[in-house]
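Chain by chain, the residues run as shown.
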Amino acid sequence: MSSGKLIRWGIASAGKISEDFVIALSTLPASDHQVVAVAARAQERAAEFAKKHGIPTALGSYEELAKSKDVDVVYIGVLNPQHYEVSLLMLNHGKHVLCEKPLAMNRKQVEGILAAAKANKRFFMEAVWSRFFPSYQHVRQLIDNGALGEIKDVQVNFGFPLANVDRLQKRELGGGVVYDLGIYTIQVSQWAFQEPPQKIESTGHTNAEGIDDDVSTTLTYSGGRTARMRISSREKLDNKAIIKGTKGQVTLIDFWTPNKLIDIDGTEKEWLPPKGKHTTNYANSEAMRYEAEAVRQSILAGELENKTVSYADSLLFAQIEDTIRKQIGVLNKYDEQ
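The structure presented is a predicted model; accordingly, all values stated were derived computationally and were not measured. (Residues numbered from 1 in each chain as written. Predicted model: local features only at pLDDT ≥ 70, side-chain atom pairs only at ≥ 80, totals over all residues. Heavy atoms only, no water.)

Participant: Give me the lowdown on the packing of helix α1 (residues 16-25) against helix α9 (residues 288-300), citing residues and values where you can.
Facilitator: Contact pair α1 / α9: the axes reach a minimum separation of 8 Å and the direction vectors enclose 75 degrees. On the basis of the axis angle, α1 is roughly perpendicular to α9. Contacts from Ile17, Asp20, Phe21, Ala24 and Leu25 in α1 reach Met288, Arg289, Glu291 and Ala292 in α9. Class assignment of the residues belonging to the contact of α1 with α9 gives a composition of six nonpolar, no polar and three charged. (Axes fitted to C-alpha atoms, helices over the stretch in contact; angles between N-to-C directions. Helix = DSSP H or I, 4+ residues; strand = E, 2+ residues; numbered from the N terminus. Parallel < 35°, antiparallel > 145°, perpendicular 65-115°, else oblique. Contact = heavy atoms within 4.5 Å. Nonpolar A, V, L, I, M, F, W, Y, C, P; charged D, E, K, R; others polar.)

Participant: Outline the sheet that holds strand β14 (residues 268-270), supporting the account with residue identities and numerical values.
Facilitator: In spatial order, the strands read β8-β9-β10-β7-β11-β12-β13-β14; together these eight strands make up an open sheet with mixed pairing. Every other strand in the sheet has two partners, leaving β8 (199-206) and β14 as the edge strands with one partner each. Sheet twist, expressed as the average angle between the axes of neighbouring strands with direction ignored, equals 10 degrees. Bridge count for strand β11 (residues 240-245) against strand β12 (residues 249-253) is five bridges, and the pairing is antiparallel. Paired with lysine 244 across the strands is glutamine 249, a residue of β12. (Pairing = 2+ DSSP bridges.)

Participant: Describe the packing of aromatic side chains, naming the residues involved and giving the relevant values.
Facilitator: Enumeration over the complete set of coordinates arrives at 12 aromatic pairs. Here tryptophan 9 and phenylalanine 21 contribute two aromatic rings whose centre-to-centre distance is 5.0 Å and whose plane-to-plane angle is 70 degrees, an arrangement assigned as edge-to-face. Separated by 12 residues along the polypeptide, tryptophan 9 in strand β1 (residues 7-12) and phenylalanine 21 in helix α1 bring together distant segments of the chain. Assigned by exposure class, tryptophan 9 and phenylalanine 21 land together as buried. (Phe/Tyr/Trp six-rings, centres within 6.5 Å; stacked < 30°, edge-to-face > 60°. Buried < 20%, exposed > 50% of the residue type's maximum accessible area, 1.4 Å probe, protein only.)

What follows is the structure, encoded as structure tokens:
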């Protein structure tokens, strides 16, 4: 570790989500977070990214980043199918890691990544950023202090017309709504129920390439309590998560990036993150600052995982994703390995 409380970030991939993460870091104190290197498969992309964001080192391979002596923790923003190999590379070179969701292509890969994190005694977390928002923390308090009563029902829809977004539609890019959108609906259901589902039932529609583009799933928990979710890349849905308990309900608006919620008393609460030095590619990405600060706190505390998105959480998310994909008949080469 570098001196004091500073953690030094390396960024793996110079894509849009990596850029948004760097912009989010720029909203935090420079004495706490510093981006010291960016790596891409093409040196010129890394150099262009580094110049725009004032990053001192631009590297033309992920191996060079893994070997860098100046980096404490690596943010991995590569495409879904590359998460596994790049996570292993960084962990095996002694780096702490924050890897974008969905963590991997199946549970088996997740097990491999977590085994490497444990073997190398390095902090590792799947970047389920939503859970670090003040709104999610507020919901956690309402559940934990009994204000909502017993949680009975979660209803969550997540959809956008994304037919032209290759990374969602193409098999070789790790496409499919279960990976890209399902991780969100699954994690919010688990945030509410805090136990594994006892039954999973799914129906789905696939595109011409056989990749899931519209899926409905019911997760059934103890006592017949349910989470009902729909995910779609075919049309825009209401994109809310409604969590109902025996004493009341709470609604997360734009639940994957919710600055706003409708509280148990019907009032609207809002928490706005500060703006960064540049405009983000995706809406509200400045809020990635919350997960980044949680990573810093965990690393400084010597933790290998963060309780908000634990190893057990990531394993369960992957297992639920695998089950849904199996039920709708969408398997890929990673499932055969």
